[in-house]
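Architecture at a glance
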Amino acid sequence: QVCGSGLRFAVAAAIFPVLRGRWPRPVVRVWFTGARAMSGAAKQLYDKLNEMGIKYEEITHEPVMTVAAQAEYVKHLPGATVKNLFLKDKKKQRYLVTACVDSKTPMAAIEGAVGAKGLRMADDLEEHLGVKPGSVTPFAAMNIKEEAVKVCLDARIKGFEYVNAHPLHNEATTTVLTADLLRFLESYGHKITWVEGLATDDGSSEAPKPKAKAAAEPKAKAKAKAKVAAKPDGNEDTKGITIKKQENFADWYTQVIVRSEMIEYYEVSGCYILRPWAFFVWEQIQEWFDAEIKKLGVENAYFPLFVSKRALETEKDHVEGFSPEVAWVTRYGTSEMAEPVAIRPTSETIMYPAFAKWIRSHRDLPLKLNQWTSVVRWEFKQPTPFIRTREFLWQEGHTAHATDKECEEMVFKILDLYAAIYEDMLAVPMTKGIKSEKEKFAGGKMTTTIEGFIPTNGRAIQAATSHHLGQNFSKMFGIEFETEKHEKEFAHQASWGFTTRSIGVMIMTHADDKGLVMPPRVSPTQVVLIPLPFKDQPLDNMVNKCDEIFAALKEKGLRCEVDDRNNYTPGWKYNYWELKGVPLRIEVGPKDLEKGAARVVRRDTGASENIPFGELDTRIPALLDTVQKDMFARAKANYNTGIEKVTEWKDVMPALNRRHLVLVPWCETMESEEEMKKETGKEVPEDVVANDEEEGGAPALSGSMKCLCIPLEQPEMPAGTKCIWTGKPALRWALFGRSY
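Values in this document were obtained by computation on a predicted structure and should not be read as measured data. (Residues numbered from 1 in each chain as written. Predicted model: local features only at pLDDT ≥ 70, side-chain atom pairs only at ≥ 80, totals over all residues. Heavy atoms only, no water.)

**Comments concerning the overall build of the protein chain**
- Along the protein chain, the regular secondary structure elements total 22 helices and 31 strands.
- Counting the 740 residues in the protein chain, one finds 55% classified as buried.
- For the protein chain, the proportion of contacts with a sequence separation of at least 24, taken over those separated by at least 6, is 70%.
- About 32700 Å² of surface is accessible on the protein chain, with carbon and sulfur atoms providing 50% of the total. (Helix = DSSP H or I, 4+ residues; strand = E, 2+ residues; numbered from the N terminus. Buried < 20%, exposed > 50% of the residue type's maximum accessible area, 1.4 Å probe, protein only. Contact = heavy atoms within 4.5 Å. Areas by Shrake-Rupley, 256 points an atom, 1.4 Å probe, with all protein chains shown as cover.)

**Regarding the sheet that holds strand E22 (residues 492-499)**
- An order of E11-E15-E16-E22-E19-E18-E17-E30-E31-E29-E28 is seen for the 11 strands of this open sheet, with the pairing classed as mixed. Edge strands, defined here as strands with exactly one partner in the open sheet, are strand E11 (299-300) and strand E28 (643-645).
- Note: strand E16 (residues 391-401) against E22, 8 bridges, orientation antiparallel. By the bridge assignment, Trp394 is partnered in E22 with Thr499.
- Across the sheet, helix H21 (residues 670-680) is in contact with strand E29 (661-666), strand E30 (706-711) and strand E31 (732-737); its angle to E29 comes to roughly 145 degrees. (Pairing = 2+ DSSP bridges. Axes fitted to C-alpha atoms, helices over the stretch in contact; angles between N-to-C directions.)

**Notes on the packing of aromatic side chains**
- Tallied over the entire structure, the rule returns 24 aromatic pairs.
- Ring geometry for Trp282 versus Phe498: centroids 6.4 Å apart, planes at 15 degrees, classification stacked. Placement of the pair is Trp282 in helix H9 (residues 276-295) and Phe498 in strand E22, with a sequence separation of 216 residues.
- For the ring pair Tyr576 and Trp577, a centre distance of 5.0 Å and an interplane angle of 85 degrees mean the geometry is edge-to-face.
- Its relative accessible area of 14% is what places Tyr576 among the buried residues.
- Residue classification places Trp577 among the buried positions, given a relative accessible area of 5%.
- Members of the aromatic cluster, each reached through a chain of ring pairs, are Trp282, Phe289, Trp372, Tyr418, Tyr422, Trp496 and Phe498.
- Above the face of the Tyr188 ring, Lys48 is positioned so that its terminal group lies 5.2 Å from the ring centre. (Phe/Tyr/Trp six-rings, centres within 6.5 Å; stacked < 30°, edge-to-face > 60°. Lys NZ or Arg CZ within 6 Å of the ring centre and 35° of its normal.)

**Here's the deal with the nonpolar core**
- With 64 residues, the main nonpolar core has Met262 and Ile507 as its most contacted residues.
- The biggest single contributor to this core is helix H13 (residues 404-425), with 11 residues.
- Those residues within four positions of Ile507 in sequence are excluded, and the remaining contacts are Trp252, Tyr253, Val256, Ile257, Met262, Phe386 and Leu516.
- Of all hydrophobic cores here, the second largest spans 35 residues; its members include Leu49, Val82, Val136 and Leu185. (Core = buried A, V, L, I, M, F, W, Y, C linked by side-chain atoms within 4.5 Å.)

**Examining the sheet that holds strand E13 (residues 327-332)**
- Here we have 3 strands laid out as an open sheet, ordered E12-E14-E13, and antiparallel in their pairing. A single partner strand is all that each edge strand has here, and the edge strands are strand E12 (306-308) and E13. Neighbour to neighbour, the strand axes of the sheet diverge by 50 degrees on average, direction disregarded.
- Where E12 meets strand E14 (residues 335-343), 3 bridges bridge the pair, whose relative direction is antiparallel. Across the sheet, the residue bridging to Ser308 is Val341, located in E14.

**Re helix H12 (residues 348-358)**
- Within H12, 8 of the 11 residues are buried, which leaves it mostly tucked inside the rest of the structure.
- Of all the residues in H12, the buried ones are Glu348, Thr349, Ile350, Met351, Tyr352, Ala354, Phe355 and Ala356.

**Observations regarding the pattern of salt bridges**
- Tallied over the entire structure, the rule returns 34 salt bridges.
- For Arg94, the salt bridge is made with Asp124, and the minimal N-O distance between the two is 2.5 Å. Note that Arg94 is positioned in strand E3 (residues 94-100) and Asp124 in the loop between strand E4 (120-121) and helix H5 (125-129), a separation of 30 residues in sequence.
- A salt bridge links Lys573 to Asp563; its shortest N-O distance comes to 3.8 Å. Highlighted residues: Lys573 in helix H17 (residues 570-580) and Asp563 in the loop between strand E24 (560-562) and H17, separated in sequence by 10 residues. Asp563 carries the same exposure label as Lys573, and that label is buried.
- Each member of the salt-bridge network shares a partner with another, and the members are Lys438, Glu439, Glu674 and Lys706. (Salt bridge = Lys/Arg side-chain N within 4 Å of Asp/Glu carboxyl O.)

**Considering the environment of Ser187**
- In this structure, Ser187 sits in helix H6 (residues 178-187).
- For the pair Ser187 and Met52, spaced 135 residues apart in the sequence, the C-alpha separation amounts to 9.2 Å.
- Discounting residues that sit within four places of it in the chain, Ser187 has contacts with Lys48 and Met52.
- From its side chain, Ser187 meets the backbone oxygen of Phe184 in a polar contact 2.6 Å long. (Polar contact = N/O pair within 3.5 Å; in protein donor to acceptor, adjacent residues only side chain to side chain.)

**Focus on unusual backbone geometry**
- Here the amide bond leading from Leu365 into Pro366 is cis, since omega sits at -5 degrees, within 30 degrees of zero.
- Tracing the sequence through the fold places Pro366 in the loop between H12 and strand E15 (367-376).
- A positive phi angle, close to 70 degrees, is found at Lys92, a residue other than glycine.
- Mapped onto the elements of the fold, Lys92 is located in the loop between strand E2 (80-88) and E3.
- Located in the positive-phi region is Ala427, a residue other than glycine, with phi close to 60 degrees.
- Within the secondary structure, Ala427 is located in the loop between H13 and strand E17 (431-434).

In structure tokens:
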């Protein structure tokens, strides 16, 4: 047993003779400080390998959802590290495709090798492979039943002595001899299909020739390389963004949120640590929204985390909508609980029994409550920080009203506030609308929504919702009141929620290849001041001037910071604060002191200007307002460009494949919505379905389109306009698109 993460590279370099039998022990497992216990699935795998006499080696690491994230931990390993695709064809045959990590995997090449048509990502990998997204591996072949899944290998793997793959979970990587992997697969009766001709970026389809072993690196240096966000040593900037937003959006996003210090990954998949730079944004949203809803008479409260099974199942449609995502507590210590309790996926079934106790008369209405809390929804889809997580922060408001009209007014007031958060604070444009019957909140009467759009990948995203529940829940939970006419009536209810997803939408909208671009109104630091050293001149004069400017700007209520660290160069500081997205940078050097003016640089455009010292306290606040407005204007222009008005079905797929949304005339039937969704999922370009670097195929990114909303602001519809799908009279314009 080896402890101490500093030994990772030195030990890893020494373990591979084990696989060739040069050491007496048949198996050596190397564990590092903080390593998690072996999963049950991994134990079954290793038991099988031991049974077959297959020697292996395992290194543990943080949970990784992509091969790019895995690369940080396995780049020192010899052999072929692999990526995996789980696919299905038009005949519903499934394929587990394992390829070298640097092999291109176009669908056409795979289709030719396996003799299939219409390959696309399959989203039922847990059912067929027994692993979760991010953990797909050739070792999952041990869980395949009969011929439900065909096993396919990149022919380039034959040229490598070793193969590195996940051991049925994504918190470790296991190395075996390639010959032993083939023997393992064949032991389960799999006939391997070899996929020929997969090439690397340089066009080669051959495995590289073995290289001479490099000298072992010093332990300290190896450890420093392993850290994604290590401090620069002056020669290498390890904090910069190295992936282009337009080239690999998924990995770019991961790199931005980690290296800008917004997110830290956590050992429980789908759960993330919000670092102070991210949490500050949430605090700004919370402070503003909390004040606004209190103007509407809303009061804050707190309700328990747990909900009983009986309460959760009170409203059938509601629980069916959430049941796949509900996490259950079934034991405490070593004892089984008499009755499992659920961790709230939302709080209707927790709060409404209390509403029934508190509401007796029309004098008790309206009742308007809100809570700031977290909820758990055990997503089966690909987790994405901020966007789709298993635990997330939110506010949820619940109100009860005497009349339907009053309830509806509340729903739309909240929707307007949600839109204001995005547009006025985060500088992200939104479309306000109403969800279709198919997409509305389970058990509700009407769902209103604000819908965002990420132009880079052509995906819409549901940003926030405000639900009109009607009287459905009040009837189920007995929320009844006596009217002024002494008649009994059920309350009309609304519920509304806003989450930390908003931070992810902001990042996806504004960030660039240098890192974050923060809207001034929510940026933790709005202005950074950097004193510039020059030759032998003392730095104190520049620092003193920066401190003076800092004090003046603080008086104006701005959030500022002076970066006077003397162990970093000005250039490194520029890159660091650009990565953090700080809206304005003020530079003060000897020449600036002579001229009596500071150089001011905008993060959003890179534009710079010299502003006299005496004018900074008035012009900087105005410039921040300009930056905020300009960021929204650019985002709005991109948003508008990404929506195409389409009246003929033949124009839908081309628009979607241009990564646009479509505004179409629609008859608003559930049947037509489902049919359009199926039709648009049939012929989808490979790069639209998923980034093939994402293990498991990122099922969160479906190629099908769905109804995003029926916009509240409706363009004029000419008389006689037909539904784009059925040809029946269209009722309204509807916004459709691919979405998260």
